[in-house]
Amino acid sequence: MKCIDFDKQFERYTRDWMAKNAEKYNNDMDAIEALMPDIYMEFMSMPASWLDGLSPEAYFEQYDDAGMLIDWMCAYYEQNVPVPDLLLERITALGSDAEERLLALPFGENVPHEAALTAISLLRELESSAPMQAYIDFIRTLEEPDEKGDMCAESLLAMGEAVVEPILASLDTAGQTARDIFADILSNFPGDDRIFMLLMERFEHCEDRHALFASYLAKFGDDRALPVLLAAALDDNTNYLDYVEIVSAIDALGGDRPPERDFGGDPYYESLKRI
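A short tour of the structure in this document, coming up.

What counts and what doesn't
Residues numbered from 1 in each chain as written. Predicted model: local features only at pLDDT ≥ 70, side-chain atom pairs only at ≥ 80, totals over all residues. Heavy atoms only, no water. Buried < 20%, exposed > 50% of the residue type's maximum accessible area, 1.4 Å probe, protein only. Helix = DSSP H or I, 4+ residues; strand = E, 2+ residues; numbered from the N terminus. Contact = heavy atoms within 4.5 Å. Phe/Tyr/Trp six-rings, centres within 6.5 Å; stacked < 30°, edge-to-face > 60°. Lys NZ or Arg CZ within 6 Å of the ring centre and 35° of its normal.

### What to know about helix H6 (residues 85-93)
Here's step 1: Buried within H6 are the following residues: Leu 86, Leu 87, Leu 88, Arg 90, Ile 91 and Thr 92.
Here's step 2: In this structure, the buried side of H6 is in contact with helix H1 (6-21), helix H3 (36-45), helix H4 (56-59), helix H5 (66-78), helix H7 (96-103) and helix H8 (113-125).
Here's step 3: A positive phi of about 55° marks Gly 95, the residue just after H6.

What follows is the structure, encoded as structure tokens:
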């Protein structure tokens, strides 16, 4: 499979266009920049010799084999050639035919890292819930946050409330990193005491990230968190940035604001004051 650099071809097309037309626009680069969307659309629809007479927008449309197209995508990554958006769009246009092959990529052996990430992204575009458990299991074993874990979490959140029970079922064997990520996802689904207990656990366990978990508690919307939030706001060890987020959470939950505190000498407060 030939991996054609569409980006380079567009750059060449743009240079040729400017050589022919720049003088017409008095070499006004702002005016030419404003025309770039039109130039791109012209490039997309123009038959090209480097595509055997097909236009860029028609090139991948001639293929219906989802497996072949996905292998082609992987080849682009292996050869360090920019993957054309047109190829990715063709893959997703094939819908369920592409889904099965994409499912093998996120955690497959010898799959280029970027191809695995792209597969997660494409499965999300396809609104596939098939990889739900695989994503949960991957996050569950993470020792540190990473890009793939973040993308799996975003996809799980996009799957909606169906992820709640499978995530809760995994908590007994989830490490600290996973519990943090799962708390972020589950905070979007209020009304479950098990989620509330997880959010409270993370807030109390992660004192260096009180601001983050206070925001999760605010989103979850359970006012039973107010006493703990108020105690943290009044704690002399709470820095200014955490205090601001905690007070914001108290407000969101309908609690009474704590008394104002003097943060003179707090490095965050002093830095913001100078700004």
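Moving on, there is more to tell.
### Regarding the packing of aromatic side chains
Here's step 1: A complete count under the given rule lists 19 aromatic pairs for this structure.
Here's step 2: Ring centres 6.2 Å apart and planes at 80° place the aromatic pair Tyr 59 and Tyr 63 in the edge-to-face group.
Here's step 3: Exposure remark for Tyr 59: the relative accessible area of 10% places this residue in the buried category.
Here's step 4: Accessibility expressed as a relative area gives 23% for Tyr 63, which makes it partly exposed.
Here's step 5: Through pairs of rings, three or more aromatic residues link up here, namely Phe 6, Phe 10, Tyr 13, Tyr 40, Phe 43, Trp 50, Tyr 59, Phe 60, Tyr 63 and Trp 72.
Here's step 6: Directly above the ring of Phe 138 sits Lys 148, whose terminal nitrogen or CZ lies 5.5 Å from the centroid.
Here's step 7: Seen from the ring of Phe 196, Arg 224 lies directly overhead, with NZ or CZ sitting 4.3 Å from the centre.

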